[in-house]
Amino acid sequence: MGTEPNALPYPSTPAGREGLDAFLAHPERAVVGLDFDGTLAEIVDDPEQARAHRGAVAALAALAPRVASIAVITGRPAGVAVRYGGFAGVPGLEHLVVLGHYGAERWDAVTGTVRAAPEHPGVAAVRAELPGVLDRAGAWPGTWIEEKGRAVAVHTRRAEDPQAAFDALRAPLADLATRHGLVLEPGRMVLELRPPGIDKGVALTDHVRETGAGTVVYAGDDLGDLPAFAAVDKLRSDGTPGLLICSASAEVPDLATRADLALPGPAAVVDFLARLAERVGTA
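Per chain, the residues get numbers from 1 upward, laid out in the order the sequence is written. Residues qualify for local features only when their pLDDT is at least 70, as the model is predicted, and side-chain atom pairs are given and counted only at 80 or more; totals for whole chains, interfaces and linings, by contrast, use all residues. Side-chain measures were taken over the full set of non-hydrogen atoms in the model, leaving aside hydrogen atoms and water.

## Describing the pairing of strand S11 (residues 242-247)
Moving on, step 1. Buried means the residue's accessible area, taken with a 1.4 Å probe over protein chains only, is under 20% of the maximum for its type, while exposed means over 50%, and partly exposed covers the values in between. Numbered from the N terminus, helices here are DSSP runs of H or I no shorter than four residues, and strands are runs of E no shorter than two. Extensive coverage of S11 is indicated by the burial of six of its six residues.
Moving on, step 2. In S11, alternate side chains face the same way, and those of Gly242, Leu244 and Cys246 on one face and Leu243, Ile245 and Ser247 on the other are all buried.
Moving on, step 3. With the strands aimed away from the viewer, a crossover counts as right-handed if its path from the first strand over the helix to the second runs clockwise. One crossover worth recording links strand S10 (residues 215-220) to the parallel S11 by way of helix H7 (residues 226-237), and it is right-handed.
Moving on, step 4. Across three bridges, the pairing between S11 and strand S12 (residues 261-263) is parallel. Within S12, the residue paired with Cys246 across the bridge is Ala262. We call two strands paired when DSSP finds no fewer than two bridges between them.

In structure tokens form, the structure reads like this:
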């Protein structure tokens, strides 16, 4: 993390260095987008037990008043991310936005309410058929279904061989998703069936445009964050500086190669955010 106590790790790419420099020069014009699971919270066997890293709320509360906006962009329902993150009612986070279900839901701290788009009918159909599909596919013991409201996910992390279970289910679940007009989103030992046309890239781009931001920072850890990475690349090509951060893990090595800055997990991401807040707070 550098030799000085408050030194920032420096991006490895020219575009990333430009993005960080632009952020430091004008933090008040920056949007900071953050994934939740694997980025602000550690990945755990039971997603219902996931909670934001113990330093995350303090780091965000220190940084948020210095920037144009902080948006947590997650596949979880927005209200669940708010509860698991401990984001509600925190001084300094009055203008935090949580974009749940990849942007289909929006919670903002100003109103404390969630706004949502209509549910895709294919989700209900998949929900009804999924147990039978898993039985016919010979789902491994330990495989389980997570109900996400506007999406449904199948986890294999608890199986005896998580990767083998993941690989065996990928094709039948892709077929199920296609038949009902959904898409299959692979993740870290999870296969999520969700509506098309919404992803973290769309959500991030819309939020950057809404705020009129001049710089964008995005941090994620999984394949579902690739659309957000692509969105930052597009914004950069259009003249908006950006910084891509990977909360790195051995499960998704390819994401680190796409990032300007790879940090070893949520603790390091939270530490980076805290250092950013201190840096711009003393500028």
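On we go.
## Regarding the sheet that holds strand S6 (residues 144-147)
Moving on, step 1. As summarised here, the arrangement of the four strands in space is S6-S7-S9-S8, forming an open sheet in which the pairing is antiparallel. The open sheet has two edge strands, S6 and strand S8 (183-186), and neither has a second partner. The sheet shows a mean angle of 25° between the axes of neighbouring strands, taken without regard to direction.
Moving on, step 2. Sheet topology note: the strand S7 (residues 152-155)/strand S9 (residues 190-194) ladder contains four bridges and is antiparallel. Paired with Ala153 across the strands is Glu192, a residue of S9.
Moving on, step 3. What makes two residues a contact is simply this: any of their non-hydrogen atoms within 4.5 Å. Geometry is summarised by axes, namely lines fitted to C-alpha atoms with helices restricted to the contacting stretch, and by angles between N-to-C directions that run from 0 to 180 degrees. Docked against the sheet, helix H4 (residues 121-136) engages S6, S7 and S9, running at close to 25° with respect to S7.

## Section: the environment of Thr240
Moving on, step 1. Secondary-structure assignment places Thr240 in the loop between H7 and S11.
Moving on, step 2. The class of Thr240 is buried, set by a relative accessible area of 17%.
Moving on, step 3. Separated by 27 residues in sequence, Thr240 and Ala213 place their C-alpha atoms 8.3 Å apart.
Moving on, step 4. Among all residues touching Thr240, those that are not within four sequence positions of it are Ala213, Gly214, Thr215, Val216 and Leu235.

## What about the packing of aromatic side chains?
Moving on, step 1. Aromatic contacts are taken between Phe, Tyr and Trp rings whose centres are within 6.5 Å, Trp giving its six-membered ring; a plane angle under 30 degrees counts as stacked, one over 60 as edge-to-face, and the others as tilted. Following the criterion strictly, the structure yields two aromatic pairs and no others.
Moving on, step 2. Each ring, one from Phe36 and one from Phe87, has its centre 6.3 Å from the other, and the planes form 85°; the classification is edge-to-face. Placement of the pair is Phe36 in the loop between strand S1 (30-34) and helix H2 (56-63) and Phe87 in the loop between helix H3 (78-85) and strand S3 (97-100), with a sequence separation of 51 residues. Of the two residues examined, Phe36 and Phe87, each falls in the buried class.
Moving on, step 3. Ring plane angle 85° and centroid distance 6.2 Å describe the contact between Tyr218 and Phe229, whose orientation is recorded as edge-to-face. Residue Tyr218 is located in strand S10, and its partner Phe229 is located in helix H7; the two are separated by 11 residues in the primary sequence. A single burial state applies to Tyr218 and to Phe229, both of which are buried.
Moving on, step 4. As a reminder, the over-ring test applies to NZ of lysine and CZ of arginine, requiring each to be within 6 Å of the ring centre and within 35 degrees of the ring normal. A cation over a ring is seen here: Arg51 above Tyr84, with NZ or CZ 4.1 Å from the ring centre.
Moving on, step 5. The side chain of Arg194 reaches across the aromatic face of Tyr102, ending 4.1 Å from its centre.

## Some words on the pattern of salt bridges
Moving on, step 1. The salt bridge criterion pairs a side-chain nitrogen of Lys or Arg with a carboxyl oxygen of Asp or Glu, the two atoms within 4 Å. Within the structure shown, the criterion is met by 20 salt bridges.
Moving on, step 2. Between Glu119 and Arg127 there is a salt bridge, and its shortest N-O distance comes to 4.0 Å.
Moving on, step 3. Overall, Glu119 belongs to the partly exposed group, its relative accessible area being 41%.
Moving on, step 4. Its salt-bridge partner being Asp233, residue Arg258 comes within 3.2 Å of it at the nearest N-O pair. Of the two residues, Arg258 is situated in helix H8 (residues 253-258) and Asp233 in helix H7; the sequence distance between them amounts to 25 residues.

## Let's talk about H7
Moving on, step 1. Spanning 12 residues, H7 covers 17 Å between terminal C-alpha atoms, matching the ideal 16 Å at 1.5 Å per step.
Moving on, step 2. Within the span of H7, buried status applies to Ala228, Phe229, Ala231, Val232, Leu235 and Arg236. All buried residues of H7 lie within an arc of 160° about the axis, which places them on one face of the element.
Moving on, step 3. Those residues of H7 that are buried lie in contact with helix H1 (14-25), helix H6 (200-211), S10, S11 and H8.
Moving on, step 4. Just downstream of H7, Gly239 is the residue with a positive phi angle, here 105°. Expected helix span is computed as 1.5 Å times (number of residues minus one). As used here, the arc belongs to the directions running from the helix axis to the C-beta atoms.

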